[in-house]
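Each chain, letter by letter, is given below.
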Amino acid sequence: MAPDISLTLDPSDGSVLSDDLDESGEIDLDGLDTPSENSNEFEWEDDLPKPKTTEIIRKGSITEYTAAEEKEDGRRWRMFRIGEQDHRVDMKAIEPYKKVISHGGYYGDGLNAIVVFAVCFMPESGQPNYRYLMDNLFKYVIGTLELLVAENYMIVYLNGATTRRKMPSLGWLRKCYQQIDRRLRKNLKSLIIVHPSWFIRTLLAVTRPFISSKFSQKIRYVFNLAELAELVPMEYVGIPECIKQYEEEKLKKKQKRVDQELNGKQDEPKSEQ
């Protein structure tokens, strides 16, 4: 005998109504700084699409966790789509470094985004888990760039107040450029390097023969924040305090040298008499 089946359309405690579901898939780019760390939409592996290739998460490269162990350990995983692949990012590991990339508003007409890359927020190379951090940070930066950019964009590369230990390697930067979607490479209109050090200018000069002439023409050096303000609207460009202090110290040193030169010139006629 088949058991009796009771059907009801009344909502119960365990039911989910369609009105309770958020069907909107739109991203509010205007209010977006970086992908929300508070969102649990993509936090746990069970809620995420599985990786499509072994190149994304290599077996044995990091400690393998069950879903329960990941939750107990406090790790937060988020999925970013880069090209046609889904990449999992350890959000807990890169928590102190997420400010490395942010949205700086728009310029001109349309959705021409300003993307701010602050090198001073990069991890130091001496850390024991540096490669793991940089691998996750790489996927986070590229995935975030995909979210921030709708049309044309420029990158403001804040190089000031950065020690050599925090400077990303040329290979890492090159990998970033190669991995971004062809649309993003084409739509990059300008790369503005603020407070370029002697090291980075030499590095770019040496590598110039190996990069395309089109990309070389997009690079521009800016030596202070006043010059940057002449090129881009600064209303939403977040300048870290360490860079503001760095520029203030540079201005003080410059003024001190000017004063010394003036005092030296004033003393010369007196010594001649």
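For the structure, see preceding data.
Residues numbered from 1 in each chain as written. Predicted model: local features only at pLDDT ≥ 70, side-chain atom pairs only at ≥ 80, totals over all residues. Heavy atoms only, no water.

Caption draft 1: Geometry of the pairing of strand β1 (residues 77–82). Of all the 6 residues making up β1, 5 are buried; the element is thus mostly covered by neighbouring parts of the structure. Where β1 and strand β2 (residues 85–90) come together, 6 bridges link them in antiparallel fashion. Counterpart to Trp77 in the pairing with β2 is Asp90. Between the antiparallel neighbours β1 and β2 lie 2 residues, among them Gly83 with a positive phi of about 65°. (Buried < 20%, exposed > 50% of the residue type's maximum accessible area, 1.4 Å probe, protein only. Helix = DSSP H or I, 4+ residues; strand = E, 2+ residues; numbered from the N terminus. Pairing = 2+ DSSP bridges.)

Caption draft 2: Representation of the packing of aromatic side chains in the model. Tallied over the entire structure, the rule returns 4 aromatic pairs. Arranged with centres 5.7 Å apart and planes meeting at 90°, the rings of Phe80 and Tyr140 form a pair that is edge-to-face. Of the two residues, Phe80 sits in strand β1 while Tyr140 sits in helix α2 (residues 130–148), which places them 60 residues apart along the sequence. Taking the relative accessible area as the measure of exposure, Phe80 reaches 4% and is therefore buried. (Phe/Tyr/Trp six-rings, centres within 6.5 Å; stacked < 30°, edge-to-face > 60°.)

Caption draft 3: Helix α5 (residues 198–207), seen in detail. Among the residues making up α5, those that are buried are Ile200, Leu204 and Thr207. Considered in projection along α5, the buried side chains sweep an arc of 70° and stay on one side of the axis. Exposed side of α5, more than 90 degrees from the buried face: Trp198 and Val206 are the residues found there. Against β5 (153–158), α3 (170–179), β6 (188–194) and β7 (219–222) lie the buried residues of α5. (Arc of directions from axis to C-beta. Contact = heavy atoms within 4.5 Å.)

Caption draft 4: Structural context of the nonpolar core. Phe117 and Tyr153 are the most contacted members of the largest nonpolar core, which totals 40 residues. Among the secondary structure elements, those contributing two or more residues to this core are β1, β4 (113–118), α2, β5, α3, β6 and α5. Broken down by element, this core gets its largest block of residues, 10 residues, from α2. Dropping the residues within four chain positions of it, Phe117 is found in contact with Val100, Met122, Val141, Ile155, Val156, Tyr157, Leu158 and Trp172. (Core = buried A, V, L, I, M, F, W, Y, C linked by side-chain atoms within 4.5 Å.)

Caption draft 5: Geometry of the pattern of salt bridges. All chains considered together, the criterion is met by 6 salt bridges. Note that Asp135 is salt-bridged to Lys139, the shortest N-O span being 3.5 Å. In this pair, Asp135 and Lys139 both sit in helix α2, 4 residues apart, roughly one turn of the helix. Given the relative accessible area of 5%, Lys139 is considered buried. Close ionic contact of Lys244 with Glu241 constitutes a salt bridge, the shortest N to O distance being 3.5 Å. (Salt bridge = Lys/Arg side-chain N within 4 Å of Asp/Glu carboxyl O.)

Caption draft 6: Representation of the side chain of Asn159 in the model. For Asn159, the position within the fold is in the loop between β5 and α3. With residues up to four places along the chain from it excluded, the contact list for Asn159 reads Val119, Met167, Ile193, Val194, His195, Pro196, Ser197 and Ile200.

In short, the description is geometric, and any link to function would need to be established separately.
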